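Chain and residue survey
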Amino acid sequence: MTVTLDQIRSCLEGSIPAVLATSAIDGTPNVAYVSQMQYVDPRHVALSFQFFNKTRENILTNPQATALVIDPVTGSSYRLSLLYLRTETAGGLFQHMKAKLAGIASHTGMSGVFKLQGADIYLVQAIERVPGHSLPRPAAPRNLLNALRSASQRLAECCELGLLFDTALLVLAQEFGISHALLMMADAPGERLYTVASRGYGSTGVGSEIAFGDGVIGEAAAHRVPIRINHMTMEYRYGRAARDGAPRRAWPLETEIPFPGLAEPHSQLAVPIVGAGRLLGVQCVESPEDLRFGYDDEDALVTLAHLLATSVLALQPGADAVAGAAEATIAPAAAGTSETVEVRHYRANHSVFVDGEYLIKGVAGAILWKLLQAQAASGRCDFSNRELRVAADLGLPEVGDNLEARLVLLQRRLAERCPAMAIEKTGRGQFRLRLRGGVRLLDVDA
């Protein structure tokens, strides 16, 4: 029976190192362990290039090679006939393998020794099963195709962006058995991601940020490829990425929101959410178990991310084209108490503090300040997405402004940190700023 590369992807997880045999021009053989063999597509694999050793010397002069891989579950062995094609030193595949190698190095105590110099691409010419005893493969814990079907139905029923975000994390838990997950949306001009929803952590971390290129999440965003690590690594931990990726600026006030995440994640998978040719965000999952996410899980979550992207686009810019045409209602703001809070706005980065406590910054901070100023000047409490989208002072990009996602972020930060204010949806593309007391506004030119 013919064996295909798709059928033996589990052999390429790195649990059991592959063995690679090459030969010099004079026929002298060389056999070595390979730190990482990566599935690329049904006809190609990539091997990690870390050192200029005998293996490297051989393939540059004689591109034929043979690899032996072993299934970590069944013990079945397979012999692959390979032909070296090229080496990639940048791009999505390289970054994926770099992150994965960091996890392998950390797991084996070789951090600081393993350093990826390139991804060697090989054509798989033939696959042969090596005769021998093997164990039966246990049944999969869940049917991923059925999970995707159920998830797609549930996402399609969402008619509001906040509900979509929560449902996306809920289906990960209920359909895919993934207890720890978070969803981040992209601020493309700022090359950062901000958390809009999370599940399975002590705090939500809503509003926390990651820079493009930092950690598993940032690499997935920067290169628009899924990044999967199946062993704990300090280099790519979410918390460290959030801290180390923060720009070092002379800013006297604390505006960092603690990032959610497991203290010691042993498996991580970050999948970019891409729609209409642009990055919308990143879906991230993690587990305290080694080897929790395999190739099949990655395929399923990539597909889920595509479904999520379609729903995000459907609920964003075009959603308020009709509903937003009407003028926002002018009405007195509701007041629930007689207490007055001080809202301080810093123009330098649109940071907003309420009674000295940090609330939000960036575009979401600029939106809140604009709404509060309008309310103070005219008593307005009803607004539309459309008027915010055309407001030049908010600094929204012309394409892909993610306005609705920023409003969800602001709504959730207010719900968590500021009971004196709330944002409530009143219709499609319409919302209300509700004040539960007096507000004193201070604009700081700093």
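The shown structure was predicted, so the numbers you read here are calculated from the model rather than taken from an experiment. Residue numbering note: each chain is counted from 1, following its sequence as written. The predicted origin of the model limits local features to residues at a pLDDT of at least 70 and limits the giving and counting of side-chain atom pairs to 80 or more, whereas totals for whole chains, interfaces and linings rest on all residues. Calculation of side-chain values draws on the structure's entire complement of heavy atoms; hydrogens and water are dropped beforehand.

Glancing now at the overall build of the chain. The secondary structure listing takes helices from DSSP runs of H or I that are at least 4 residues long and strands from runs of E that are at least 2 residues long, numbered from the N terminus. Helix and strand counts for the chain stand at 10 helices and 20 strands. Only heavy atoms enter the contact rule, under which two residues are in contact if any of them lie within 4.5 Å. Counted over contacts in the chain with a minimum sequence separation of 6, partners at least 24 positions apart contribute 70%. Here, Shrake-Rupley sampling with a 1.4 Å probe gives the accessible areas, and only protein chains in the shown set may cover a residue. Of the roughly 20,100 Å² of accessible surface on the chain, 53% is carried by carbon and sulfur atoms.

Attention now goes to helix 10 (residues 403-417). With 15 residues, helix 10 should cover 21 Å at 1.5 Å per step; its first-to-last C-alpha distance of 21 Å lies within 8% of that length. Burial classification: accessible surface area is computed with a 1.4 Å probe over protein chains only, and a residue below 20% of its type maximum counts as buried, one above 50% as exposed, and the rest as partly exposed. Summarising burial for helix 10: 11 of the 15 residues are buried, a large majority. Those residues of helix 10 that fall on the buried side of the exposure criterion are Leu403, Glu404, Ala405, Arg406, Leu407, Val408, Leu409, Leu410, Arg412, Arg413 and Leu414. In this scheme, a helix's expected span is set at 1.5 Å multiplied by one less than its residue total.

Time to look at the sheet that holds strand 17 (residues 382-384). Should DSSP find at least two bridges between two strands, the strands are taken to pair. Taken in spatial order, the three strands line up as 17-19-18 in an open sheet, and their pairing is antiparallel. Where the open sheet ends on each side, the last strands, each with one partner, are strand 17 and strand 18 (421-427). The mean inter-strand angle of the sheet, taken between neighbouring strand axes irrespective of direction, is 30 degrees. For strand 18 and strand 19 (residues 430-435), the ladder comprises six bridges, and the chain directions are antiparallel. Paired with Gly427 across the strands is Gln430, a residue of strand 19. In this analysis an axis means a line fitted to C-alpha atoms, helices contributing only their contacting stretch, and an angle means the value between N-to-C directions, from 0 to 180 degrees. Set on the sheet, helix 8 (residues 362-378) makes contact with strand 17, strand 18 and strand 19; between it and strand 19 the angle comes to about 70 degrees. Sheet strands touched by helix 10: strand 18 and strand 19. Its angle to strand 18, the strand with the most contacts, is close to 135 degrees.

Turning our attention to the packing of aromatic side chains. Working definition: a ring pair exists when centres of Phe, Tyr or Trp rings (six-membered ring for Trp) sit within 6.5 Å. Plane angles under 30 degrees give stacked, over 60 give edge-to-face, the rest tilted. For the structure shown, the criterion picks out five aromatic pairs. Consider the rings of Tyr39 and Tyr295, whose centres lie 5.9 Å apart with planes at 70 degrees: the pair is edge-to-face. Taken together, the residues Tyr39 in strand 3 (residues 37-41) and Tyr295 in helix 7 (residues 295-314) connect sequence positions 256 residues apart. Here the two residues Tyr39 and Tyr295 agree in accessibility, since each one is buried. Members of the aromatic cluster, each reached through a chain of ring pairs, are Tyr346, Phe353 and Tyr358.

Next up on the list: the sheet that holds strand 1 (residues 18-23). One open sheet accounts for seven strands, arranged 2-1-5-6-7-4-3; its pairing is antiparallel. On the outer flanks of this sheet lie strand 2 (29-34) and strand 3, each paired with one strand and no other. Mean inter-strand twist for the sheet, computed between neighbouring axes without regard to direction, equals 35 degrees. With 11 bridges connecting them, strand 6 (residues 77-88) and strand 7 (residues 118-130) associate as antiparallel partners. Within strand 7, the residue paired with Leu83 across the bridge is Leu123. Across the sheet, helix 1 (residues 54-61) touches strand 1, strand 2, strand 4 (44-49), strand 6 and strand 7, and the angle it forms with strand 1 is around 55 degrees.

Within the fold, Leu163 resides in helix 4 (residues 161-176). Residue class for Leu163 comes out partly exposed when judged on its relative accessible area of 40%. Residues Leu163 and Val408, 245 residues apart in the sequence, show an inter-C-alpha distance of 9.7 Å.

Next up on the list: the nonpolar core. To form a nonpolar core, buried Ala, Val, Leu, Ile, Met, Phe, Trp, Tyr and Cys residues must be joined to one another through side-chain atoms within 4.5 Å. Grouped together as the largest cluster of nonpolar side chains are 69 residues, with contacts concentrated most on Phe165, Leu172, Phe176, Leu301, Ile367 and Met421. When residues no more than four places from it in sequence are discounted, the contact partners of Phe165 are Leu183, Met185, Val196, Ala197, Val312, Ala405, Val408 and Arg412. Listed in part, the 24 residues of the second largest apolar core include Ala18, Ala67, Tyr84 and Val124.

Look at helix 3 (residues 144-156) against helix 4: their axes get within 10 Å of each other, and the N-to-C directions meet at 155 degrees. Between helix 3 and helix 4, the crossing angle belongs to the class labelled roughly antiparallel. Judged by the twist between their axes, the crossing of helix 3 over helix 4 is right-handed. On the side of helix 3, the interface is formed by Leu144, Ala147, Leu148, Ser150, Ala151, Arg154 and Leu155, while helix 4 contributes Leu164, Thr167, Ala168, Leu170, Val171, Gln174, Glu175 and Phe176. Charged means Asp, Glu, Lys or Arg here, nonpolar means Ala, Val, Leu, Ile, Met, Phe, Trp, Tyr, Cys or Pro, and polar covers whatever is left, Gly included. Class assignment for the residues of the contact of helix 3 with helix 4 results in 10 nonpolar, three polar and two charged. If an angle is under 35 degrees, it is roughly parallel; if it is over 145, roughly antiparallel; if it lies from 65 to 115, roughly perpendicular; otherwise it is oblique. Handedness of a helix crossing follows the sense of rotation of the near helix relative to the far helix, less than a right angle counterclockwise being left-handed and clockwise being right-handed.

Let us look at the pattern of salt bridges. Salt bridge, as used here, is a side-chain nitrogen of Lys or Arg placed within 4 Å of a carboxyl oxygen of Asp or Glu. Inspection of the entire model under this criterion finds 22 salt bridges. Put simply, Arg9, Asp296 and Asp299 are held in one network by salt bridges that share partners.

The next thing to look at is the pairing of strand 16 (residues 357-360). Residues in a regular strand project their side chains so that they alternate between the two faces of the sheet. Pairing of strand 15 (residues 351-354) with strand 16, which is carried by three bridges, proceeds in the antiparallel orientation. Among the inter-strand pairings, Val354 is bridged to a residue of strand 16, identified as Glu357. In sequence, strand 15 turns back onto strand 16 through a hairpin of two residues, with Asp355 there showing a positive phi of about 50 degrees.

Turning our attention to the packing of helix 8 against helix 10. Across the interface, helix 8 lies against helix 10 with an axial gap of 9 Å and an inter-helix angle of 75 degrees. One element, helix 8, and the other, helix 10, form an angle in the roughly perpendicular class. Contact with helix 8, carried on its side by Val363, Ala364, Ile367 and Leu368, involves Leu403, Arg406, Leu407, Leu409, Leu410 and Leu414 of helix 10 and no other residues of that element. By residue class, the composition of the contact of helix 8 with helix 10 is nine nonpolar, no polar and one charged.

The next thing to look at is the side chain of Glu298. Checked against the element boundaries, Glu298 lands in helix 7. For Glu298, a relative accessible area of 10% translates into the label buried. N or O atoms within 3.5 Å of each other form a polar contact, as long as, within protein, one can give a hydrogen and the other can take it, and as long as residues adjacent in sequence are counted only when both atoms are side-chain atoms. A distance of 2.7 Å separates the side chain of Glu298 from the side chain of Arg228, its partner in a polar contact. Beyond its immediate stretch of four places on either side in the chain, Glu298 contacts His96, Pro226, Arg228 and Leu269.

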